[in-house]
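Observations on chain architecture
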Amino acid sequence: MWQNPQRAMNRGFSYDDSSRRVGFKMESLVSKYIKIAAVVAAYWVISISMVFVNKYLLSSEDLKLDAPLFVTWFQCVVTVFLCVFLSVGGQFFPGYVAFPAMKVEAKLIRATLPLSIIFVCMITFNNLCLKHIGVAFYFVGRSLTTVFNVIFTYLMLQQTTSAKALACCGIIIAGFFMGVDQEGESGTLSILGVIYGVVASACVALNAIFTKKVLPLVDNNVWRLTLYNNINASILFIPLMILFGEVQEVFRFPFLSSVSFWNWMVISGIFGFAIGYVTGLQIQVTSPLTHNISGTAKACAQTILACIYYNDHKTNLWWVSNMVVLFGSGGYTEVKRREMKQQHNESLAAVQKMEQIVTEMEDTKTPKTPYT
């Protein structure tokens, strides 16, 4: 704001105009913060709700539906339907629905099939893990994703990891084994659930690596990749459901004609679709680093909520194991942030140095005008 109204008027601005401009900037900043807070809150609500809904469908005493592949398949079908529905809505009502046009090509279905196989494994083992372990332990049970990401990055991309980042991975591994031990002490440990969690963590890391490779095939459009992944998954799950006898299990299910059951199924599918949207939106309005921090904090809140909701009483060491995993995950994120910042500064310095060299070479080649 202008301290001297007369000086402001002399420069072509009125005192009221300058006040309104400052006020407008303040309002814009507040609006930005409100938008960020709303997006982060939406991510937390959708992500946590999706875990609790899936847990209800997969291992609720009320339902007793032993068909995790069927539940996952239905969620993929709902996602395909929503992608097509929103794509058509975006074409007919562009002013109300902002969604890219979807065109299915047979060659892209084949090209994305390897990624889709990993995607099927990822969501299958995620749900199998959630079926056998509690929501409170879900974060620790699936905490080795970062470790597998480092391993696969080295094996597949030949990219090494710094000693500090490896130390953070060591902390995560220590917290994981401590959590497994304390879950056993609580009498709620499922070895099968832990194995599924480890496999799911590996699949999540592989999915991230393969996604980077496949995205250019669909013009770097995340929604097109989501469509192809879920189309392939909807087909791949059918023989798996037949192989594991889930078709008979579904037909024998006593609540198959229940409206309430199908409402929960549709809600889980909508949450599965929505989590992809809000994840991308959170990264867009903040940054990948903030998204990781938000995800870590969300996992902590999810653990606390699960303990309260299910009335779980955990030992002090159990809580320490969660804190160790959180500390290791947060430390890894911070180390990678600093490394990326250092690489950016080094690249910027190299470009500036090159520009300086080019400028000096051009000055040397320019003929000097004799003094007259």
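Below: a short report on this structure. (Residues numbered from 1 in each chain as written. Predicted model: local features only at pLDDT ≥ 70, side-chain atom pairs only at ≥ 80, totals over all residues. Heavy atoms only, no water.)

1. Notes on the overall build of the protein
A tally of helices and strands in the protein yields 14 helices and zero strands. Put simply, the protein runs from its N terminus to its C terminus through helices and strands in the order α-α-α-α-α-α-α-α-α-α-α-α-α-α. Across the 372 residues in the protein, those meeting the buried criterion constitute 40%. Residue pairs at least 24 apart in sequence account for 81% of intrachain contacts in the protein once pairs closer than 6 positions are excluded. Accessible surface for the protein amounts to roughly 21600 Å². Of this, 66% is attributable to carbon and sulfur atoms. (Helix = DSSP H or I, 4+ residues; strand = E, 2+ residues; numbered from the N terminus. Buried < 20%, exposed > 50% of the residue type's maximum accessible area, 1.4 Å probe, protein only. Contact = heavy atoms within 4.5 Å. Areas by Shrake-Rupley, 256 points an atom, 1.4 Å probe, with all protein chains shown as cover.)

2. What to know about the layout of surface pockets
Its volume calculated, the second largest pocket comes out at about 370 Å³. Mapped onto the lining of the second largest pocket, the elements with two or more residues apiece are helix H2 (15-59) and helix H6 (135-141). Looking at the lining of the second largest pocket element by element, the count peaks at six residues for H2. Considering only residue class, the lining of the second largest pocket consists of nine nonpolar, seven polar and four charged. (1 Å grid on protein atoms, 1.4 Å probe; cavity = no way out; pocket = protein on both sides within 12 Å on 5 of 7 lines; lining within 4 Å. Points joined across faces, edges and corners; volume = space filled by probe spheres on them. Nonpolar A, V, L, I, M, F, W, Y, C, P; charged D, E, K, R; others polar.)

3. Some remarks on a nonpolar patch on the surface
A cluster of nonpolar side chains, Val84, Val88, Phe92, Phe93 and Tyr96, forms an exposed patch at the surface whose accessible area comes to about 610 Å². Relative to the helices and strands, Tyr96 is located in the loop between helix H3 (68-92) and helix H4 (106-111). Classification of Tyr96 as exposed rests on a relative accessible area of 76%. (Patch = residues over 30% accessible without salt bridge, like charges linked within 9 Å, V, L, I, M, F, W, Y side chains within 5 Å. Salt bridge = Lys/Arg side-chain N within 4 Å of Asp/Glu carboxyl O.)

4. Focus: the packing of aromatic side chains
Tallied over the full model, the rule gives 17 aromatic pairs. These aromatic residues form a ring-pair network of at least three members: Phe70, Trp73, Phe74, Phe253, Phe255, Phe261 and Trp262. (Phe/Tyr/Trp six-rings, centres within 6.5 Å; stacked < 30°, edge-to-face > 60°.)

5. Some points on the packing of helix H7 (residues 145-157) against helix H9 (residues 191-214)
Relative orientation of the contacting elements H7 and H9 amounts to 50 degrees, with a least axis distance of 8 Å. By the angle between their directions, the pair H7 and H9 is classed as oblique. Here H7 runs over H9; the crossing is right-handed. Where H7 abuts H9, its residues Thr145, Phe148, Asn149, Phe152, Thr153, Met156 and Leu157 lie against Val198, Ser201, Ala202, Val204, Ala205, Leu206, Ile209, Phe210 and Lys213. (Axes fitted to C-alpha atoms, helices over the stretch in contact; angles between N-to-C directions. Parallel < 35°, antiparallel > 145°, perpendicular 65-115°, else oblique. Left-handed = near helix turned anticlockwise from the far one by under 90°.)

6. What about the packing of H3 against helix H12 (residues 259-285)?
Interhelical geometry of H3 versus H12 gives an angle of 65 degrees and a closest axis separation of 8 Å. Crossing of H3 over H12 shows right-handed handedness. From H3, Phe70, Val71, Phe74, Gln75, Val78, Thr79, Leu82, Cys83 and Leu86 reach across to H12, where they touch Phe261, Trp262, Met265, Val266, Ser268, Gly269, Ile270 and Phe273. Class assignment of the residues belonging to the contact of H3 with H12 gives a composition of 13 nonpolar, four polar and no charged.

7. What about the nonpolar core?
Residues Leu57, Leu65, Phe70, Phe137, Phe237, Phe261 and Met265 are the most contacted members of the largest nonpolar core, which totals 77 residues. Among residues more than four places away in sequence, those in contact with Phe70 are Leu65, Met241, Glu246, Val250, Phe261, Trp262 and Met265. Of all hydrophobic cores here, the second largest spans seven residues; its members include Leu115, Leu215, Val218 and Tyr228. (Core = buried A, V, L, I, M, F, W, Y, C linked by side-chain atoms within 4.5 Å.)

8. Looking at the pattern of salt bridges
Using the criterion set out here, one finds nine salt bridges in the structure. Residues Lys103 and Glu105 are paired through a salt bridge, measuring 3.8 Å at the closest nitrogen-oxygen approach. Its relative accessible area of 55% is what places Lys103 among the exposed residues. The class for Glu105 is partly exposed, based on a relative accessible area of 22%.

9. Considerations on the side chain of Lys55
Note on placement: Lys55 falls in helix H2. There is no salt bridge for the buried Lys55, and the closest opposite charge comes from Asp312, which lies 9.0 Å off by N-O distance. (Lys, Arg positive; Asp, Glu negative; His and termini not counted.)

10. Thoughts on the state of the cysteines
The bond known as a disulfide is covalent and runs between the sulfur atoms of two cysteines. One pass over the structure, following the stated rule, counts zero disulfides. Lacking any disulfide linkage, Cys168 is separated from the closest cysteine sulfur, that of Cys169, by 7.1 Å. (Disulfide = S-S within 2.5 Å.)

11. Some details on the environment of Val147
Within the secondary structure, Val147 is located in helix H7. On the basis of relative accessible area, Val147 is assigned to the buried category, the value being 11%. As a C-alpha pair, Val147 and Cys169 span 22 residues in sequence and 5.6 Å in three-dimensional space. Not counting residues within four places of it along the chain, the set of residues in contact with Val147 comprises Cys169, Ile172 and Ile173.

12. With respect to the environment of Val214
Mapped onto the secondary structure, Val214 falls in helix H9. Under the relative-accessibility criterion, Val214 is labelled buried at 7%. Aside from chain neighbours lying at most four places away, what touches Val214 is Thr112, Leu115 and Leu225.

Purely geometric stuff here, so don't read any function into it on its own.
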